[in-house]
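Working through the structure, step by step
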Amino acid sequence: MMTVYGTKIRSDIDFPLDLSHETETRYEVELSSKIPTELKKSITCGFPLYWAHDRKVYLYSDREFDGSEEGQPWCYEVKDVVHFYWVGGERTIYYELDEKGDANLLSFWFIHLLLPLYMTLENMYDFLHAGAVEVEGKPIFFIAPSMGGKSTMTDYFIKQGHILISDDKVPTFIADGKFMAVGSHPYHRPYRKFEELGYHVENFTTDFKPIHAFYELEGVEGDAEITIEEIKGFAKFDALLPNYLYMFSHLKPKRLKYLSSMLNGIKVFRVQVPWDMRRLGEVHDMICEHSRGV
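Residues numbered from 1 in each chain as written. Predicted model: local features only at pLDDT ≥ 70, side-chain atom pairs only at ≥ 80, totals over all residues. Heavy atoms only, no water.

**Some remarks on the sheet that holds strand β19 (residues 228–231)**
Counted only if it meets this: Here the rule is simple: two strands pair whenever DSSP picks up at least two bridges between them. Secondary structure is summarised from DSSP: a helix means a run of H or I of at least four residues, a strand means a run of E of at least two, and numbering begins at the N terminus for each. To define axes, lines are fitted to C-alpha atoms, for helices over the stretch in contact only, and angles between the resulting N-to-C directions are given on a 0 to 180 degree scale.
Taken in spatial order, the six strands of this open sheet run β12-β10-β11-β18-β20-β19, and their pairing is mixed. Strands at the two margins of the open sheet, each flanked by one partner only, are β12 (164–166) and β19. Direction aside, the axes of adjacent strands within the sheet are offset by 30 degrees on average. Sheet topology places strand β10 (residues 131–135) next to strand β11 (residues 138–143); five bridges connect them, and they run antiparallel.

**Description of empty space enclosed by the protein**
For clarity, the threshold we go by: Site definitions follow a grid-based scheme: protein atoms alone, a 1 Å grid, a 1.4 Å probe that fits but cannot get out for cavities, and for pockets an open set with protein on both sides within 12 Å along at least five of seven lines, plus lining residues having an atom within 4 Å of a point. Grid points are joined across faces, edges and corners, and a volume is the space filled by probe spheres set on the points. Note that Gly is not counted as nonpolar here; it falls among the polar residues with everything else outside the nonpolar set of Ala, Val, Leu, Ile, Met, Phe, Trp, Tyr, Cys and Pro and the charged set of Asp, Glu, Lys and Arg.
Tallying each qualifying case throughout the model produces two cavities of 30 Å³ or more. Around the largest cavity, the lining is made up of 14 residues, and of these Thr 23, Glu 24, Gly 183, Thr 205 and Phe 208 lie nearest the centre. Classifying every residue of the lining of the largest cavity by side-chain character gives five nonpolar, seven polar and two charged. Size it by volume and the second largest cavity reaches roughly 40 Å³. Tyr 5, His 112, Ser 166, Asp 167, Asp 168, Lys 169, Ser 184 and His 185 together form the lining of the second largest cavity. Per-class residue counts for the lining of the second largest cavity are one nonpolar, four polar and three charged.

**Side note on the state of the cysteines**
Short version of the rule: The disulfide criterion used throughout: a pair of cysteine sulfur atoms within 2.5 Å.
Applying the stated rule across the entire model yields zero disulfides. Summary of cysteine pairing: Cys 75 is not part of a disulfide, and the nearest cysteine sulfur, belonging to Cys 45, is at 11 Å.

**Remarks on the sheet that holds strand β9 (residues 126–129)**
In spatial order, the strands read β9-β13-β14-β17; together these four strands make up an open sheet with antiparallel pairing. At either margin of the open sheet sits one strand with a lone partner, and together these are β9 and β17 (209–210). Direction of pairing for strand β14 (residues 178–181) relative to β17: antiparallel, over a ladder of two bridges. Looking at the pairing, Ala 181 lines up with Lys 209 of β17.

This is the structure we're talking about:
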């Protein structure tokens, strides 16, 4: 038994990770090697999904891809490593290791990439591509383009004693009209090595909490002034939309409505961050002070 993304995972394989933390949960999912024969046979078509971690990844089903329906069969293949299977509306995911697969690779692909995709297709969460930590018990999110400093900022905050919510993919949902942040897993990989979750973080969130604020990181010259300004109007949407995971065509109307509602109630700020690691302490202190006043 382990808990990731606010979900209890029952598995017939031991994960070589420390996932024994106790956190609030919303779901239960089983991971099993006992793939029903009829499920494998029902997969008839598919397409390349993306290239990730130097591997080809494919997504398959039994029909033209236009959403996820109850009873629909799915297969997610990491070439030469593992196949994952599931049926729409069900809470069991099946796996089959391939010639280059092992428990370490299974753990990485299942936690880091398969589960966010599965949970999106199953309408369990809306995921944002961001780093997230707590400042005095309130979740703040760091957003930026790829290589824009999210992981570096998250890492610095962790090392200053802040609670980690997520290193990279943050599940969110609505409860009582509030947009809640869900802890992903207690691992952080600031230097983005292929097929590794990184180092274990002891100080990991245990509860679902309302999102407090978004901070968009903008790199500037190393000797530049550190500034924080609020982003308003449609520019908020422009800032956050690229950080929304899996904007599948069939999900787009619902996702755009979700994001618009989120931004109506949560403020977004732009932080000018000097490209000088020696000044991260200044940025940290300014964000913490600013967050207290939001």
